[in-house]
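Residues per chain are reported as follows:
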Amino acid sequence: MTAPGASHPVSKITARIAASALALALAACQTQAPRPGAQLPVDSGASANRSAAVQLLHSAETLPAPERDRQRLQAAAILYELGDKETAKEAVVNIAPEQLDDPLYAQYARVYGGLLAAEDEFFRALDLVAAPRLDQVWTQLPQATALPLRDLRADLWGLLGDLDSAIAERRQIAALARSDEAIADNNDGFWQLLTQLPSSELQLRADESSDPQMRGWYQLALLGRDTQTDISSQLTALSRWRQQWPGHSASSHPPQALRLLEQLASQRADRIALLLPLSGPLGSAGRAIRDGFMAAHYTALTAGAPTPQIEIFDTGTEQPFEEIYQAAVDAGAQAIVGPLDKRKVANLLATEKLPVPTLALNYGDEGRLTDDLVQFGLAIEDEARQVAQHAYRQGHRQAMILAAEASWGQRGAEAFQEEWQRLGGTVSISRNYRNGSNFSQLVSDALLIPDSKAREAALRRRLAAPLEFTPRRRGDVDMIFLTAQPQQARQINPMLTFFYAGDLPVYATSQVFDGNINPQRDRDINGIRFTALPWLFERDNQTKRSIEKQASPAPAFARLYALGADAFRLYPRIPMLRQFPGQRVHGLTGALSLTADGRIVREQMWARIDKGAPVPVTTVVEPVLPQAGGVELTGNSETF
């Protein structure tokens, strides 16, 4: 479930779609009436009202085609702008698009596509706005039609994970945009897309691109994806970039995230207290986070950036946490990072007012609406909700859950199910397992293979004749959500193929890959799509290199080092996230945003195991396949 006060990522996109698709649709849809009295004059501004739109719909029925559909389209646009989406859809579904000329179809696609996107029907919306018939008519369309339609296409491709198509569409928009507002809006869209790519991919594209504008964009996005420098270093790098690219669109209209850097630099704390367990049961985790934090600190220091003074306090001792916290404040800390222990985070939540801004490195059971505490951690719940949103956007609706009985696996399964059902999906079956489980039986039973075989046996007895028999899995599942460690996934994934479910896409959280690339060992998890920490693909990141050289962290601890490094980069940027909730900080643990109740939400990259190795996913995945069900018998055969 989305945390209270959080802005759901889909709602942000659909609100943007509604604004871009319909603000201009009203004016674009208005045409001269074919005869006096056939069309009511309707102002597309404040004077537009529902009764006028309804009158347009009624009078449209007296008109011949295509004037009838033109007027329906105008009414639908007005109704949608007024928030009456149900009536707007009733109007637009009666339009026969095959009878519209191409310019009218473009208007229809923009309005109906916005309606469908608002209902999370993203694939249907994309089918409309990416119809082949539009390919040859762009030059014939007025800017008021082409610009918002292309903007809708870019948003949909980006939302569905086809970053390459979305980037290509943003390039087309850049050639059309003329107003400062349109250029700035498109540049923000470029920024959101490009900063989702790993730094290594951005560098490769910057080196190979023959388009100067895109080469400049890739280099600028590298600046934004830099997970190792502080704000001052980013400002210096941005200044150098502007000197190199004085005529670039992003130089005159920089993305909003970059415009905020100067403001953040003036608000930075100079003394930081790091409160972590360096001894006791959580000592190994605390030391990993500390080393990640300090590695980021020393990387910034080596680069010549102004860095804060850091004092470290051990919270793993018997000393009461309240005393340790107060000692940090008394020592002059202007900001505090920590604690890690969930119970100590609860203590902070119970405190009415904290004396200095605090970034806790775990989550309590509730948020906090005041601006003195932010909670940041590696919650599997974030990943599970991201899987649910992504799979739903890909067109899936019926899920099977296979979850580890460990507490992390159960939390992931619960978060996925809550988000999945909130979106409108159904869970056909959910099964838990432990390390010693019989995975063959687990998968077979979950897919109802024994039922299929039982029906075959009953039919064989009734017919008393030889039959050729192929079992069929259950037909009420179109995707699988898996919470599993690598060794578990390597046993479960082959069983899915063996029991006739090889066509079902398997989505997992980052725990499915242990961070060590071993194609021979991991070929058994080929095809699994999972949320990946950017750490996995940031091979040239200096902070990561320093950590690996000095600590050689085991895969289980690599994410903790990444958490520490991100905490160093995150704390000075929290004011930006509070002021502009749509902004994100790109780190080694994911794209980080802040909810209204002070929780950091992570959105990770998408990756897929291909030939036993992880690869980032930047293009759209395969379409949803039709599902099989029942039992198929050949010879003397039936299907049921």
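Residues numbered from 1 in each chain as written. Predicted model: local features only at pLDDT ≥ 70, side-chain atom pairs only at ≥ 80, totals over all residues. Heavy atoms only, no water.

### Considering the overall build of the protein chain
- A tally of helices and strands in the protein chain yields 28 helices and 17 strands.
- Residues counted as buried form 54% of the 640 residues belonging to the protein chain.
- Long-range contacts, defined here as pairs at least 24 residues apart, represent 67% of the contacts in the protein chain between residues at least 6 apart. (Helix = DSSP H or I, 4+ residues; strand = E, 2+ residues; numbered from the N terminus. Buried < 20%, exposed > 50% of the residue type's maximum accessible area, 1.4 Å probe, protein only. Contact = heavy atoms within 4.5 Å.)

### As for the packing of helix H17 (residues 283–302) against helix H27 (residues 555–570)
- Close contact between H17 and H27 brings their axes to 7 Å; oriented N to C, the two are set at 45 degrees. Our classification of the angle between H17 and H27 gives oblique. Seen along the crossing, H17 lies across H27 with a hand that is right-handed. Note on element contacts: H27 touches H17 through Phe557, Leu560, Tyr561, Leu563, Gly564, Ala565, Ala567 and Phe568, opposite Ser284, Ala285, Ala288, Ile289, Asp291, Gly292, Phe293, Ala296, His297 and Ala300.
- Class assignment of the residues belonging to the contact of H17 with H27 gives a composition of 13 nonpolar, four polar and one charged. (Axes fitted to C-alpha atoms, helices over the stretch in contact; angles between N-to-C directions. Parallel < 35°, antiparallel > 145°, perpendicular 65-115°, else oblique. Left-handed = near helix turned anticlockwise from the far one by under 90°. Nonpolar A, V, L, I, M, F, W, Y, C, P; charged D, E, K, R; others polar.)

### Thoughts on the packing of helix H6 (residues 102–118) against helix H7 (residues 122–129)
- Running from N to C, H6 and H7 point in directions that differ by 170 degrees, and their axes come no closer than 8 Å. Judged on the interaxial angle alone, H7 and H6 are roughly antiparallel. Here Tyr105, Tyr108, Ala109, Tyr112, Gly113, Leu116 and Ala117 of H6 come into contact with H7, specifically with Phe122, Arg124, Ala125, Asp127, Leu128 and Val129.
- Looking at side-chain class alone, the contact of H6 with H7 contains ten nonpolar, one polar and two charged residues.

### Examining the sheet that holds strand S13 (residues 591–594)
- Reading across from one edge, S12-S13-S14 is the order of the three strands in this open sheet, with antiparallel pairing throughout. The outermost strands of the open sheet, each flanked by one partner alone, are strand S12 (585–586) and strand S14 (600–603).
- Pairing geometry for S13 and S14, over four bridges, is antiparallel. By the bridge assignment, Leu592 is partnered in S14 with Arg602. (Pairing = 2+ DSSP bridges.)

### Description of the pairing of strand S2 (residues 309–314)
- Here six bridges tie strand S1 (residues 271–276) to S2, and the two strands are oriented parallel to one another. The residue bridging Leu274 from the neighbouring strand is Ile312, located in S2.
- Crossover handedness for the path S1 to H17 to S2: right-handed. (Right-handed = clockwise from strand over helix to strand, strands pointing away.)

### Observations concerning the sheet that holds strand S11 (residues 529–532)
- Taken in spatial order, the seven strands line up as S7-S6-S9-S10-S11-S15-S16 in an open sheet, and their pairing is mixed. The sheet is open, and its two edges are formed by strand S7 (426–433) and strand S16 (613–616), each paired on a single side. Mean inter-strand twist for the sheet, computed between neighbouring axes without regard to direction, equals 25 degrees.
- Sheet analysis places strand S10 (residues 506–508) next to S11, joined by two bridges and oriented parallel.

### Points about helix H20 (residues 380–393)
- Taking 1.5 Å per residue, 14 residues should reach 20 Å; H20 reaches 20 Å between its end C-alpha atoms and fits that length.
- When you tally the buried positions in H20, you get 14 out of 14 residues, the bulk of the element.
- Looking one or two places after H20, you find Gly395, whose phi comes out positive at around 100 degrees. (Expected span 1.5 Å × (residues − 1).)

### Details of the packing of aromatic side chains
- Considering all chains together, one arrives at 13 aromatic pairs under this definition.
- Measuring from ring centre to ring centre gives 4.3 Å for Phe416 and Phe481, while their planes differ by 15 degrees; the resulting arrangement is stacked. In this pair, Phe416 sits in helix H21 (residues 407–423) while Phe481 sits in strand S9 (residues 479–483), placing the two residues 65 residues apart along the sequence.
- You can call Phe416 buried: its relative accessible area is 0%.
- Counting every residue linked through ring pairs, the aromatic cluster contains Tyr392, Phe416, Trp420 and Phe481.
- Across from the ring centre of Trp138, 3.7 Å away, lies the NZ or CZ of Arg150, which sits over that ring. (Phe/Tyr/Trp six-rings, centres within 6.5 Å; stacked < 30°, edge-to-face > 60°. Lys NZ or Arg CZ within 6 Å of the ring centre and 35° of its normal.)

### Describing the pairing of S16
- With four bridges connecting them, strand S15 (residues 605–610) and S16 associate as antiparallel partners. Following the sheet pairing, Asp610 is matched in S16 by Ala613.
- Counted between consecutive antiparallel strands, the loop separating S15 from S16 contains two residues, among which Lys611 sits at a positive phi close to 55 degrees.

### A few points about unusual backbone geometry
- Residue Gly338 is joined to Pro339 through a cis peptide bond whose omega torsion reads 5 degrees.
- As for its position among the elements, Pro339 is in the loop between strand S3 (335–337) and helix H19 (342–350).
- In this model, Asp120 sits at a positive phi of 65 degrees, which is unusual for a non-glycine residue.
- Note that Asp120 resides in the loop between H6 and H7.

### Brief notes about the environment of Asp101
- Relative to the helices and strands, Asp101 is located in the loop between helix H5 (85–92) and H6.
- According to the relative accessible area criterion, Asp101 is partly exposed, its value standing at 42%.
- Along the sequence, Asp101 and Arg133 sit 32 residues apart, while their C-alpha atoms lie 10.0 Å from each other.
- A polar contact is formed between the side chain of Asp101 and the backbone nitrogen of Leu104, at a distance of 2.8 Å. (Polar contact = N/O pair within 3.5 Å; in protein donor to acceptor, adjacent residues only side chain to side chain.)

### Things to note about the pattern of salt bridges
- As enumerated under the stated definition, the model contains 30 salt bridges in all.
- A salt bridge links Arg72 to Glu61, with the nearest nitrogen and oxygen atoms 3.2 Å apart. Of the two residues, Arg72 is situated in helix H4 (residues 67–81) and Glu61 in the loop between helix H3 (50–60) and H4; the sequence distance between them amounts to eleven residues.
- A salt bridge links Asp164 to Arg205; the nearest nitrogen and oxygen atoms lie 2.8 Å apart. (Salt bridge = Lys/Arg side-chain N within 4 Å of Asp/Glu carboxyl O.)

### Concerning the side chain of Gln604
- Note that Gln604 resides in the loop between S14 and S15.
- Taking relative accessible area as the criterion, Gln604 reaches 5% and is therefore assigned buried.
- In terms of polar contacts, Gln604 uses its side chain to reach the side chain of Arg602, at 2.3 Å.
- Dropping the residues within four chain positions of it, Gln604 is found in contact with Glu383, Gln386, Ser510, Thr531, Ala532, Leu533, Thr589 and Gly590.

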